[in-house]
Amino acid sequence: MSTIAEKKEKVSVPFDYNKYLRPNKLPHIWCPGCGHGIVLKALLRAIDRAGLEKDNICMVSGIGCSSRTPGYVDFNTLHTLHGRAMAFATGVKLAKPELKVIVITGDGDALAIGGNHFIHACRRNIDMTVLVMTNSTYGMTGGQYSPTTPLDAIATTSRYGNIEPPFDACEMARASGATFVARGTAYHTIELERTIHDALVHKGTSIVDVIDACPTYFGRANKYKSATHMMELIEKDGTVNVKQAEKLPPEKLEGKVLRGVLHKVERPEYCEQYENLIMQKAAAKK
Amino acid sequence: MAQKKKRLLQGNEACVEGALYAGCRFYSGYPITPSTEVAEGMSVRLPKVGGKFIQMEDEIGGIAAAIGGSLAGLKSMTATSGPGFSLKQECIGYACIAEVPLVIVDVMRGGPATGYPTGPSQSDIMAAKWGTHGDHPVIAVTPSSVPEILTETVRAFNLAEKYRTPVMVLYDEIVGHMREPLTIPEPGELEVVDREKATCKPEEYFPYDDRHLVAPLAPFGSGYRFHVTGLNHKQDGFPTNDPKVIDRNNRRIIEKVETDKERIWKNEETALDDAEVAIFTIGSTARSARFAVNELRKSGLKVGLLRPLTIWPFPDAAVAELSKRVNAIVVPELNLGQMVHEVERCARGNCEVEALTRVDGEPITPAQIMHAVRKYL
Amino acid sequence: MTQAVKKLPRIEINEKFCKGCSICVDFCPTDVLELRGPVVAVKNLEACTRCQLCDLRCPDFAIQVFD
């Protein structure tokens, strides 16, 4: 039996997050048990795996808890206005296509106030990776219901239960024309790292909807005992990987949210189209 | 030297020429009457010079992308009109606090709301100054002819780059849509200012360096990795709650414009030397006013015109000085009285100040101005 | 045959960063960790399998396992 030796080989040096962080900006502002930090770590490992250079990354965010992420990472970082991250990011990317643009946004930021920019960035297929941190609440303002808050859930603005049906960021991204659409959770952190990596190396608009927990507001209001409890119920038990789902009977999939790469197609990317078609035609017409 | 070719251009087309002359290489916007020709022109011309044009999904996206383009290092512009100008206001504030050079063209039409899209107006004067919340610096230029739209657009870019702040080009629908002969200036004929480049080591770079009133701005992706936020921030760009730092920066972004306003002001004086009554106005209304001055002078009446090409910061000194030597200042404007309050403030009771307003979508005529002026002669 | 002495891993905890959320404690498959007051602490290092789940799921950059 060589299991011990194998196990020993498996152990690697822990990932050096400081390589990509602004260490003097930590600890971060997120509450105890908030999933955003877990997602950030998966993102940094994915960036490392994709071999991206810090100078060539521009991270853009909107407003909200998750949108504070750019302050902690050592890239070109742009913390913008509520809902506008993808519009600012579109400008950065088109002006300097050699930059790898990563957008960090929350479900309220991306899907409510920023819904229009979300739809149209997907439609253009402009090369950027968008992480939608879906915690089903407006955490920064103290726990109001968001576009992904489940029906009946309690929030400070839905004390009697939420009557607005939530929508699915992935379905919207796909319908809008995004060429890479995936979902992950903070609980499945290794799978998430892989998913984000695949999104980063994809050419075009890549959307990764990341389900993570807000124990402080969503959790407390909806009787979850802890962050762990939320991760187990919502992220672990509430989801199933899309590949596993193929083998499962329909009754086992009821109420489950699919994880993994849900949609991936090749379509011309916006900045390349601009360069190859518009600029060339314009030059020829001089 | 061969004579330069004159072209008959529309005001909005002259804006395109001015932007390109100034080195604009990024345009993002959303179609809106009566500014759309600016977008159309930029969409044709920018790709020919290696620049980028994008029609965004809405007005907010139009200015947001332009801010992004500017941070990536390109001189950037957006154009709009009343309703779009309202929608852009939050982003204008962002560009103010984040100190991002940007030119915003507002071709003024009747309001409020959808108002009168094809009618002229000068009712965004105060929206330009106070439209975005919070205290902030404002520079706005006000051309009144097609050639002047070109030169003032160039000047707007120069001011935006020099002071790292959004600069507005305000002109009414009449000036935007009228056609006049224009000679495109040769390279070098007009001054073109570029933002100050960062030259220090990346690790020593502060995007809001306390040692400067206006710090150099490095483009994203140039090896200077820094943070930009719309929150109150320290010199390194990161958010702060330090009252002293917040106070200093809120004051500094205004001071950088206010302390240099003598260099930003630009006024045209017509027949003011011996004037007993002065007219103060901008844009298409200034054209009527000039006609009125000529007519009244023919009758020996001592009337002159003060026409600011920089409406913000407001030409306090020129108006104050003028108020001491005239009986009255008449302020014709295509709104219900906006500039007139500023004129009253500066005149400090030294002379009569009277508004001449019109909001029916028609221009103020020379006859109306002559009638208003005669009362004080 | 001499018995190899089991080399223990080193678990580094940054107490300044730890917010005591208990995620690492709850998900540790071999019950290595515990909350001691407001922060996490190692209670049974011998049981550590170096799986690194504590690090992977720590939201606060507060715990890492070195071989």
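Parameters at a glance
- Just so you know, the residues in each chain are numbered from 1, in the order the chain's sequence is written.
- Chain A is the first chain written and ligand 1 is the first ligand written, with later ones labelled in order.
- Residues qualify for local features only when their pLDDT is at least 70, as the model is predicted, and side-chain atom pairs are given and counted only at 80 or more; totals for whole chains, interfaces and linings, by contrast, use all residues.
- Counting from the N terminus, the helices are DSSP H or I runs at least four residues long and the strands are E runs at least two residues long.
- Here the C-beta atoms are placed from the backbone, and a residue counts as buried if at least 20 other C-beta atoms lie within 10 Å of its own, exposed if 12 or fewer do, and partly exposed otherwise.
- We call two residues in contact whenever the C-beta atoms placed from their backbones are within 7 Å.
- Following DSSP output, two strands are said to pair if at least two bridges run between them.
- Only C-alpha atoms enter the line fits that serve as axes; for helices the fit covers just the stretch in contact. Angles between N-to-C directions range over 0 to 180 degrees.
- By convention, the crossing between two helices is left-handed when the near helix turns anticlockwise from the far helix through less than a right angle, and right-handed when the turn is clockwise.
- Basically, the charged four are Asp, Glu, Lys and Arg, the nonpolar ten are Ala, Val, Leu, Ile, Met, Phe, Trp, Tyr, Cys and Pro, and anything else, Gly included, counts as polar.
- Between the first and last residue of a helix there are one fewer steps than residues, each counted as 1.5 Å, and that sum is the expected span.
- Working definition: the nonpolar core is a set of buried Ala, Val, Leu, Ile, Met, Phe, Trp, Tyr and Cys residues, joined through C-beta atoms within 7 Å.
- Each domain's extent is set by a domain assignment, obtained either automatically or from a database.
- The predictor's confidence in any single residue is recorded as pLDDT, a number from 0 to 100.

1. What to know about the overall build of chain A
Phase 1 of the analysis: Of the regular secondary structure elements, chain A holds twelve helices and ten strands.
Phase 2 of the analysis: Across its three principal directions, the C-alpha atoms of chain A cover 65 × 60 × 45 Å.
Phase 3 of the analysis: Classification of the 286 residues of chain A by burial places 52% in the buried group.
Phase 4 of the analysis: Taking contacts inside chain A between residues at least 6 apart in sequence as the whole, the part at least 24 apart equals 67%.

2. What to know about the sheet that holds strand E1 (residues 57-61) of chain A
Phase 1 of the analysis: The strand order across the open sheet formed by nine strands is E9(A)-E10(A)-E7(A)-E8(A)-E4(A)-E3(A)-E1(A)-E2(A)-E10(B), and the pairing between neighbours is mixed. Each end of this open sheet is capped by a strand with a single partner; those strands are strand E9 (239-241) of chain A together with strand E10 (227-229) of chain B. Averaged over all pairs of adjacent strands, the angle between strand axes in this sheet comes to 20°, irrespective of strand direction.
Phase 2 of the analysis: Sheet topology note: the strand E7 (residues 180-185) of chain A/strand E10 (residues 257-264) of chain A ladder contains four bridges and is antiparallel. When the sheet's bridge partners are listed, Arg183 of chain A is paired in E10 of chain A with Gly260 of chain A.

3. Things to note about the packing of helix H1 (residues 11-22) of chain B against helix H7 (residues 146-163) of chain B
All names here are of chain B.
Phase 1 of the analysis: Where H1 meets H7, the closest approach of the two axes is 7 Å, and the angle between their N-to-C directions is 35°. H1 and H7 meet at a crossing whose hand is right-handed. Across the interface between the two elements, Gly11, Ala14, Cys15, Glu17, Gly18, Ala19, Tyr21 and Ala22 of H1 pack against Val146, Pro147, Ile149, Leu150, Thr151, Thr153, Val154, Phe157 and Asn158 of H7.
Phase 2 of the analysis: Looking at the contact of H1 with H7, its residues break down into eleven nonpolar, five polar and one charged.

4. Details of the sheet that holds strand E12 (residues 277-280) of chain B
What links the strands of a sheet is backbone hydrogen bonding, and the strands pair in either a parallel or an antiparallel sense.
All names here are of chain B.
Phase 1 of the analysis: Within the open sheet, the five strands sit side by side as E11-E13-E12-E15-E16. Their pairing is mixed. Edge positions in the sheet fall to strand E11 (267-270) and strand E16 (352-357), since each of these pairs with one other strand and no more. The average angle at which neighbouring strand axes cross in this sheet is 20°, direction not considered.
Phase 2 of the analysis: Both E12 and strand E13 (residues 303-308) contribute to a ladder of four bridges, which runs parallel. Counted as the bridge partner of Ala278 is Gly304 from E13.
Phase 3 of the analysis: Seen against the sheet, helix H11 (residues 283-298) touches E11, E12, E13 and strand E15 (328-333) and runs at an angle of roughly 160° to E13.

5. Details of H1 of chain B
Residue and element names in this part refer to chain B.
Phase 1 of the analysis: Helix length check: H1, at twelve residues, gives a terminal C-alpha distance of 16 Å against a target of 16 Å (1.5 Å per residue), a fit within 8%.
Phase 2 of the analysis: Listed as buried for H1 are Gly11, Asn12, Glu13, Ala14, Cys15, Val16, Glu17, Gly18, Ala19, Leu20, Tyr21 and Ala22.
Phase 3 of the analysis: The first or second residue beyond H1 is Gly23, which carries a positive phi of 95°.

6. A few points about the interface of chain A and chain C
Phase 1 of the analysis: If you look at the interface, chain A gives 18 residues, while chain C gives 21 residues.
Phase 2 of the analysis: Where the side of chain A that touches chain C is concerned, the elements lending two or more residues are helix H2 (36-50), helix H7 (189-201) and helix H9 (227-236) of chain A.

7. Some details on the nonpolar core
Phase 1 of the analysis: One finds Val92, Val103 and Ile207 of chain A together with Ile67 and Ile329 of chain B to be the most contacted residues of the largest nonpolar core, which totals 207 residues.
Phase 2 of the analysis: With nine residues, H7 of chain B is the single largest residue contributor to this core.
Phase 3 of the analysis: Both domains that meet at this core, namely domain 1 (6-183) and domain 2 (266-374) of chain B, each give it at least three residues.
Phase 4 of the analysis: Once residues within four sequence positions are removed from consideration, Ile67 of chain B is found in contact with Phe88 and Gly91 of chain A together with Cys91, Tyr94, Ala95, Val100 and Leu102 of chain B.

8. Description of the interface of chain B and chain A
Phase 1 of the analysis: Across the boundary between the two partners, chain B contributes 34 residues, which contact 36 residues of chain A.
Phase 2 of the analysis: Breaking the side of chain B that touches chain A down by element, the ones donating at least two residues are strand E2 (24-29), strand E3 (52-55), helix H3 (59-71), helix H5 (89-98) and E10 of chain B.
Phase 3 of the analysis: Here the side of chain B that touches chain A takes nine residues from H3 of chain B, the largest share from any one element.
Phase 4 of the analysis: Broken down by class, the residue content of the side of chain B that touches chain A amounts to 18 nonpolar, ten polar and six charged.
Phase 5 of the analysis: Here strand E2 (residues 76-79) of chain A runs beside E10 of chain B; their pairing, made up of three bridges, is parallel. Looking at the pairing, Leu78 of chain A lines up with Val228 of chain B of E10 of chain B.

9. Focus on the confidence of the model for chain C
Phase 1 of the analysis: The pLDDT averaged across chain C works out to 94; a share of 94% of its residues lies at or above 70.
Phase 2 of the analysis: Scoring of the predicted complex yields 0.97 for pTM and 0.97 for ipTM.

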